[in-house]
Amino acid sequence: MNSFSDGMHHKSIFSTPLITAYGRRRTRYRGEVHDLNTLPPQEVAIAATLHDIRTGPQGSSVGAFFDFDGTLLQGFRRSLSGPLTPLRAVRSRTLIWSLLAGLSGRKTTAHLDRIHRLISQVWRGRTEEDFKDIEDRLFSRFIAGHLYPEVCQLIRAHDAAGHTLVIATAAVPFQVRSTARELGIDRILCTETAVSEGILTGGVDGEILWGQRKADAVSGFATANGVELARSYSYSNGASDIPLLSLVGNSIAVNPGRRLSAVADRRGWRVLRLRPRCTAGPHRIVRTILGLLAVLAAAAAAAVCSLGRDRQSAIDRMYVWVSTAALRCAGVRVRITGSEHIRAHRPAVFIFNHQSQIDALIVPYVLRTAFTGVVAMKARRYPIFGSLLRFVGVIFVDRSAPDRAKRTLEPLVTDLQSGRSVAIAPEGRVSPTPHLLPFKKGAFHLAARTGAPIIPIVIRNAGEILWRSSVLVHPGTIDVAVLEPIDISSWNPDAYNQNIEEIRNLYHETLMHWRTSKDSEYSQAHGKP
């Protein structure tokens, strides 16, 4: 069992360097070592780009310049129809749709004209506060679901290499800021709207960052900040950004159109083909319906087979049957590493990173029996699932009221003392991106009070299988790593924040340097879902 002490750093069992000679066409993709010849063609370029980032020049003198809509995220196709009039007395949702209308991802003259019309006609007369009030909602409800997971992985790789991260876009600040903040990018080059006494005038402060003007802005930024463009990277999906892509030594075209594809082919630029995650196809719809039906059938079967038995046996059977049946029918496989830690140290406080609602099936599938889950209060109102959660005895926590939440967790102390484990997400809510949210202290206080170890469960790819605000499952594989137990009994109360941050960093390192072994199972004890 590992122990965190003040100032002590824990090395992840997954952090061993894995990259072998690139000339042998072996590299790490999604954190794993792969033979490039075995990857699908669309994934080879991503794997090679990650390899170049990790083994190439490091430090802040290397820039990574990302276009926004169409590159970081799939563009929105909502059009501006009807008369264009200033939006002065309309609902915030209408204002949000106008912001999305300027994020089509199409680098065409029509898109440039749309930006002009939005600034000069639609947004004229609105206050800066109007936009600031809806920025977070714009990201969490709309943009987050359109982000390309592969680009998020590239951003993490650039950040780990110490590169200077920059978003360069024709969009305006209130379209970009919340996304940049969530992705950890603090430098934005964008179109600045003209403002007078806090009100948008309908003009532009400077020029719209389009074509050569965007390239000039990036060049000026590089000169002012000591960034060497010859060693830097740029990513874009549009032909209008050919001047920008031509500036740097590593040019990457993302889902390029015909013209940019031709230029990339002629100049030897790398091309990334990324699949949208928010498109609903018949396969996804069918798999989702099958998964929902499996939940109902498995829950009913477990209830019938548990008649005459004690409640805990019925709960454990329902955990196993429902999670296994639902995942199998939805086409979701679970690949577990470190399963020996699940059973060897009970009771324990199992903590997991929370990327998706499908975690409600993943955690029971991994832990199987003898645990109590902790979920948000709003889950009590979910159709079908709310009733199942109440039956299995999960603890509903209202995180909007911290004092009440602490009192709600008190029964978990009794559960741990009686030999029943606890499963809780220290982030407190589902993260809209693969990036980890800050960890709350509740799980760690529980472990400290009862002497139970903390066992981290690291879940990867769950957000790609089922994004937070989606109702459709994308069939695929979710990786789970169960790490070694951590004894926190010797923690100094004055160093709690530091120690918790070290555990959060352990999650980050595990996700960045993922390693699957031939002994990983789908799972050893559970069979293939």
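For the structure itself, look to the data block above.
Quantities reported herein were computed from a predicted structural model and do not represent experimental measurements.

**Here's the deal with the overall build of the protein**
- Helices and strands together make up the secondary structure of the protein, namely 20 helices and 19 strands.
- Classification of the 529 residues of the protein by burial places 55% in the buried group.
- Put simply, of all contacts in the protein between residues at least 6 apart along the chain, 72% involve residues at least 24 apart.

**Details of helix H11 (residues 282–305)**
- Across its 24 residues, H11 extends 34 Å between first and last C-alpha, which sits within 8% of the 34 Å expected from 1.5 Å per residue.
- Listed as buried for H11 are Arg284, Thr288, Gly291, Ala294, Val295, Ala298, Ala299 and Ala302.
- Buried positions along H11 lie against helix H12 (311–330) and helix H15 (385–392).

**Side note on the environment of Ser421**
- You can see Ser421 is positioned in strand E16 (residues 421–424).
- Accessibility expressed as a relative area gives 0% for Ser421, which makes it buried.
- Between the C-alpha atom of Ser421 and that of His345, which follows or precedes it by 76 residues, the distance is 9.6 Å.
- When residues no more than four places from it in sequence are discounted, the contact partners of Ser421 are Arg346, Pro347, Ala348, Phe350, Ala370, Phe371, Thr372 and Leu416.

**As for the sheet that holds strand E10 (residues 250–254)**
- Read across the open sheet, the six strands follow the order E6-E5-E4-E9-E10-E11; overall the sheet is parallel. This sheet does not close on itself; its edge strands, each paired only once, are strand E6 (188–189) and strand E11 (270–272).

**Some words on unusual backbone geometry**
- Note the cis peptide between Arg346 and Pro347, where omega equals -5 degrees.
- Positionally, Pro347 belongs in the loop between helix H13 (340–344) and strand E13 (349–352).
- Even without glycine at this site, Arg368 takes up a positive phi of about 70 degrees.
- Look at Arg368 and you get buried, because its relative accessible area is 15%.

**Describing the nonpolar core**
- In terms of nonpolar packing, the biggest core is built from 57 residues, with Leu72, Trp123 and Ile143 touching the most fellow members.
- Every residue in contact with Leu72, bar those within four places of it in the chain, is listed here: Phe66, Asp67, His146, Leu147, Tyr148, Val151, Ile155, Ile167 and Leu183.
- One finds Val295, Leu327, Ala330 and Val334 within the second-largest nonpolar core, a separate group that totals 44 residues.

**What about a nonpolar patch on the surface?**
- Nonpolar side chains collect at one region of the surface, where Ile285, Val286, Ile289, Leu290, Leu292, Leu293, Leu296, Tyr382, Ile384 and Phe385 lie side by side and expose about 830 Å² of accessible area between them.
- In terms of residues, the nonpolar patch owes the most to one element, H11, which gives seven residues.
- Turning to its location among the elements, Ile289 is positioned in helix H11.

**A few points about the pattern of salt bridges**
- Enumeration over the complete set of coordinates arrives at 15 salt bridges.
- Residues Glu135 and Arg177 are paired through a salt bridge, measuring 2.4 Å at the closest nitrogen-oxygen approach. Separated by 42 residues along the polypeptide, Glu135 in helix H5 (residues 135–141) and Arg177 in helix H7 (residues 173–183) bring together distant segments of the chain.
- Overall, the relative accessible area of 6% leaves Glu135 in the buried class.
- You can call Arg177 partly exposed: its relative accessible area is 29%.

Cut-offs used in this document
The residue numbers shown here count from 1 along each chain, following its written sequence. Only residues with pLDDT of at least 70 are given local features in this predicted model, and only at 80 or more are side-chain atom pairs given and counted; all residues enter the totals for whole chains, interfaces and linings. Side-chain metrics rest on all non-hydrogen atoms present in the structure, leaving aside hydrogens and water. Secondary structure counts use DSSP, requiring at least four H or I residues in a row for a helix and at least two E residues in a row for a strand, with both numbered from the N terminus. Exposed residues in this analysis have more than 50% of their type's maximum accessible area, buried residues have under 20%, and partly exposed residues fall in between, with area computed by a 1.4 Å probe over protein chains only. In this analysis, two residues are considered to be in contact whenever any of their non-hydrogen atoms come within 4.5 Å of each other. To estimate how far a helix should reach, multiply one less than its number of residues by 1.5 Å. Two strands pair under a simple rule: DSSP has to find at least two bridges between them. What is meant by a nonpolar core is a set of buried Ala, Val, Leu, Ile, Met, Phe, Trp, Tyr and Cys residues, joined one to another through side-chain atoms within 4.5 Å. Patch construction takes residues with relative accessible area above 30% that form no salt bridge. Like charges are linked within 9 Å, and nonpolar side chains (Val, Leu, Ile, Met, Phe, Trp, Tyr) are linked within 5 Å. All accessible areas in this document rest on Shrake-Rupley with a 1.4 Å probe, and a residue is counted as covered only by the protein chains that are shown. By definition, a salt bridge exists where a carboxyl oxygen of Asp or Glu is found within 4 Å of a side-chain nitrogen of Lys or Arg.

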